[in-house]
Each structure stands twice: as structure tokens, then as C-alpha cells.
Amino acid sequence: QHPGWPARLGPVIVAGGQVTLRPVRFRDAAAWSRIRLRDRDHLEPWEPTGRGSWEARNHASNWPSLWTSLKAEARRGAMIPLVIEVDGQFSGQLTIGNIVRGALRSAWIGYWVAKDLGGQGVATAALGLGLDHCFGPVGLHRVEATVRPENLASQAVLRNVGFREEGLLRRYLDVDGAWRDHLLVGLTVEEVMGTVVDRLVREGRAALP
Ligand code: ACO
């Protein structure tokens, strides 16, 4: 096993409920598919373009192969694929990817949260837990994220956990059917005073049980 995998993180309490993170499971198929089919309009503008229709890609029958590839990447030490639970219910995903060790010790982080939980601090709490995990048990020095300039909610989340803007990546990623510009944000361990979750608690954005 690799440092920081598998992991169960949290809880952190926000307006939406008690937020915890845990590894993806084979039996997540139904919950994953139900939310992703229901929330297509909320998710599709921000996600990498896939092959086939949204319905086909997000059908429950597609989860086993996705789960298998996520677990394989995790076993290789390249990825930490987590489910965001709110009060014990599947509510989204947080993924730490492209974990590189050696002199870089870096990774990217990405996430989505079910639409009906929006604006209740869930992504902020999940990202706080994920970053503290990266800088703690995983042993990374830097975490980055990329976000479309149009995605104001995600930019607010990134800012609120302490990410700094580093630049604009032109035509960076094939998202929602076209090459989209993305803002690059980064955070290194030296910039985190204590932990990210402590900072969220200090700022009144989250509480600990
Ligand atoms: N304009 C500006 N700010 C907004 C808007 C908006 N239209 N909508 C929400 N916000 C702000 C909120 O006010 C809040 O900031 P505040 O705490 O300073 O007031 C923040 O955005 C939302 O914080 P949370 O409640 O913690 O976030 P939430 O749980 O609603 O999740 C997320 C946000 C993840 C972006 C969710 O809407 C989602 O899943 N969207 C679709 C998928 C997606 O965009 N994923 C991120 C891709 S980029 C990446 O992964 C790095």
C-alpha cells in the first residue's frame, strides 16, 4: 500500500451535515449513477469530455470498470479516489490524481458535489480534508487544481481553502466538447498554517464534532 491509501477522513461539520471521505466502493454504482444522471446540467459543463452519451457513461453498469481503473491507479500510488459522504450518504467524489513523488511530490485535486447539497459548505469541507491528507499522510509538498474561469462556485471553494492563482492555461482541457481555458491554482505545504481544516474552523466555515 502507498502512504495515505486507503483512507477514511473526517468528520467535519458544515451547514449541509457531517462530511466524511472514504475510498470508492464497488457497491457505489447505484448512488453514483442516480446522482450523476439527475444532475447532468450541474456537472457536464465542468467535466472532461467522454466518449458516448452522458446517459451511457453514467449508467450504473459503467461503474464497475470505472471503479476498477480508479482502484488500479490507487494501488499504483498515482491516485487517491474518494467518495464524499454527507451524514453517511454518497454525495459526490473527491479525487487526488497524478501523484508524483521524488523531487516534485505533487498532485492535482478535483471534486464534484450533488446539486441539492450546493452552497452548504460540503465541497469546502471535503477539499480541506483532502488537502490535509495530501500534506500529512500522503507526504506531498504541492497540490494544484485547474478550474474553468466560468466556474465561479468552484473558484470560491478553491480560494476559501487557500489556493493561489498561478496562471491561465489556454485551451488546456477537453471539457464539455471543446478545448477550454483553465485557471491553474496551487498551494504548497509552507502556506498552510496548522491544517486547512483548522483554518476553516477558525474562520467559522466548519466545525469539528
Ligand atoms: N458565483 C460565485 N460564487 C458562487 C456561486 C456563483 N454562481 N455559486 C456558489 N458560489 C460560492 C458560494 O457562495 C460559496 O462560497 P462562500 O462560502 O465564500 O460563500 C462557494 O461558492 C461554494 O462552497 P461550498 O458550499 O463548499 O461548495 P459546494 O458544496 O456547493 O460545491 C462545487 C461546489 C463542487 C463547485 C459544486 O457546485 C459542483 O459539484 N459543481 C459541478 C462540478 C464542478 O464544478 N466541480 C469542480 C470542477 S473544478 C475542480 O475540480 C478543481
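Going by the structure above, here's the rest.
Notes on the structure follow. On a predicted model such as this, the values are computed, not experimentally measured, just so you know.

Definitions and cut-offs
Residues numbered from 1 in each chain as written. Predicted model: local features only at pLDDT ≥ 70, side-chain atom pairs only at ≥ 80, totals over all residues. Heavy atoms only, no water. Buried < 20%, exposed > 50% of the residue type's maximum accessible area, 1.4 Å probe, protein only. Helix = DSSP H or I, 4+ residues; strand = E, 2+ residues; numbered from the N terminus. Arc of directions from axis to C-beta. Contact = heavy atoms within 4.5 Å. Near = heavy atom within 4 Å. Polar contact = N/O pair within 3.5 Å; in protein donor to acceptor, adjacent residues only side chain to side chain. Areas by Shrake-Rupley, 256 points an atom, 1.4 Å probe, with all protein chains shown as cover. Salt bridge = Lys/Arg side-chain N within 4 Å of Asp/Glu carboxyl O. Phe/Tyr/Trp six-rings, centres within 6.5 Å; stacked < 30°, edge-to-face > 60°.

Brief notes about helix H6 (residues 152-160)
Reasoning step 1: Those residues of H6 lying buried are Ser154, Gln155, Val157 and Leu158. Along the long axis of H6, the arc covered by the buried residues comes to 160°, so they all point the same way. Turned more than 90 degrees away from the buried face of H6 sit Leu152, Ala153 and Arg159, all of them exposed.
Reasoning step 2: Where H6 is buried, its residues touch strand E5 (106-113), helix H5 (122-135), strand E6 (142-147) and strand E8 (178-188).
Reasoning step 3: Glycine 162 lies just past H6 and shows a positive phi near 110°.

Focus on the site of the ligand
Reasoning step 1: The environment of the ligand is formed by 25 residues, the closest being Val113, Gly119, Gly121, Thr124 and Asn151.
Reasoning step 2: A distance of 2.8 Å is found between an oxygen atom of the ligand and a backbone nitrogen or oxygen belonging to glycine 119.
Reasoning step 3: One of the side-chain N or O atoms of threonine 124 is found 2.5 Å from an oxygen atom in the ligand.
Reasoning step 4: In isolation the ligand has 1000 Å² of accessible area, and contact with the protein removes 72% of it.
Reasoning step 5: Elements supplying a minimum of two residues to the shell around the ligand: helix H2 (40-43), E5, H5, E6 and H6.
Reasoning step 6: In terms of residues, the shell around the ligand owes the most to one element, H6, which gives 6 residues.

Notes on the pattern of salt bridges
Reasoning step 1: In the structure shown here, the tally under the stated rule is 16 salt bridges.
Reasoning step 2: With a closest N to O distance of 3.7 Å, aspartate 181 and arginine 170 form a salt bridge. Of the two residues, aspartate 181 sits in strand E8 while arginine 170 sits in strand E7 (residues 164-175), which places them 11 residues apart along the sequence.
Reasoning step 3: Overall, arginine 170 belongs to the exposed group, its relative accessible area being 55%.

A word on the packing of aromatic side chains
Reasoning step 1: Across all of its chains, the model carries 3 aromatic pairs by this definition.
Reasoning step 2: Ring plane angle 70° and centroid distance 5.4 Å describe the contact between phenylalanine 26 and tryptophan 67, whose orientation is recorded as edge-to-face. Taken together, the residues span a long stretch of sequence, with phenylalanine 26 in the loop between strand E2 (17-23) and helix H1 (29-38) and tryptophan 67 in helix H4 (residues 63-76) at a distance of 41 residues.
Reasoning step 3: Where tryptophan 32 meets tryptophan 63, the ring centres are 5.0 Å apart and the plane angle is 45°; that geometry is what we call tilted. Linking tryptophan 32 in helix H1 with tryptophan 63 in helix H4, this pair joins segments that are 31 residues apart in sequence. Across this residue pair, the class does not change: tryptophan 32 and tryptophan 63 are buried.

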